[in-house]
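Descriptive analysis of the structure
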Amino acid sequence: MAELVPFAVPTESDKTLLVWELSSGPTAEALHHSLFTVFSQFGLLYSVRVFPNAAVARPGFYAIIKFYSARDAHRAQEACDRKQLFQKSPVKVRLGTRHRAVQHQALALNSFQCQELANYYFGFNGWSKRIIKVSCVSWKQYCQGGERLSLRFVLGGRRVQSVRTGL
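To keep things clear, this report deals only with the structure shown in the data block.

The rules behind these values
- Residues numbered from 1 in each chain as written.
- Predicted model: local features only at pLDDT ≥ 70, side-chain atom pairs only at ≥ 80, totals over all residues.
- Heavy atoms only, no water.
- Pairing = 2+ DSSP bridges.
- Helix = DSSP H or I, 4+ residues; strand = E, 2+ residues; numbered from the N terminus.
- Axes fitted to C-alpha atoms, helices over the stretch in contact; angles between N-to-C directions.
- Contact = heavy atoms within 4.5 Å.
- Core = buried A, V, L, I, M, F, W, Y, C linked by side-chain atoms within 4.5 Å.
- Buried < 20%, exposed > 50% of the residue type's maximum accessible area, 1.4 Å probe, protein only.

Examining the sheet that holds strand β1 (residues 16-22)
Neighbouring strands of a sheet are bound in pairs by backbone hydrogen bonds; such pairs are parallel or else antiparallel. The antiparallel open sheet is built from four strands, whose spatial order is β2-β3-β1-β4. On the outer flanks of this sheet lie β2 (45-52) and β4 (92-95), each paired with one strand and no other. Across this sheet, the average inter-strand angle for adjacent strands is 15°, counted without regard to direction. Across seven bridges, β2 lies against strand β3 (residues 61-67) in antiparallel orientation. Residue pairing for β3: Ser47 is matched across the bridge by Lys66. Each of β1, β2, β3 and β4 touches helix α1 (residues 28-39); the most contacted strand, β2, lies at about 145° to it. Across the sheet, helix α2 (residues 70-80) is in contact with β1, β3 and β4; its angle to β4 comes to roughly 150°.

So, in structure tokens, the structure goes:
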């Protein structure tokens, strides 16, 4: 089954992983690099953020990793939980558990992130930056069934229209 990947900042909890029990030995920058290397094998990452544990916890770090795809996040969680990825002790990896009642307004990606996402899913040079038409409307108009926000582009010689989403 295909998954729709929106050209928007991922805010859903099923695209977010919490990784903890990271060792206190390496620096936060070294952990960031190691986490990015391991988790990018499962799909395109939106962000990797590393934080020190709270003062009341034992020394170490935890990380929040966001994927563009919920399927990729799920595969990474299953493959990496309780494994010794790049340190001597295993790490714990869980999917985010934000309450469903909390809804966030979709934020658009910047142009670099849009290009990165398109390159990942369509392949480099598998798409064109030539935009045929962009219609921008307010979120209120969008919800009321007014003109739909869409992006049309040329993909492999064919015209493709994307309504707030990518394939």
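Looking at the nonpolar core
With 20 residues, the main nonpolar core has Leu17, Val19, Leu22, Leu35, Phe39, Ile65 and Phe67 as its most contacted residues. Among the elements of the structure, β1, α1, β2, β3 and α2 are those that each provide at least two residues to this core. Setting aside chain neighbours within four positions, we find Phe67 in contact with Pro10, Lys15, Leu17, Phe39, Phe42, Gly43, Leu44, Leu45, Tyr46, Asp72, Ala73 and Ala76. Ranked by size, the runner-up nonpolar core spans six residues in total, among them Val9, Tyr68, Leu109 and Leu117.

Re the side chain of Thr16
Looking at the secondary structure, you find Thr16 in strand β1. In contact with Thr16, other than residues within four places in its own chain, are Ile64, Ile65, Lys66, Arg94, Leu95 and Gly96.

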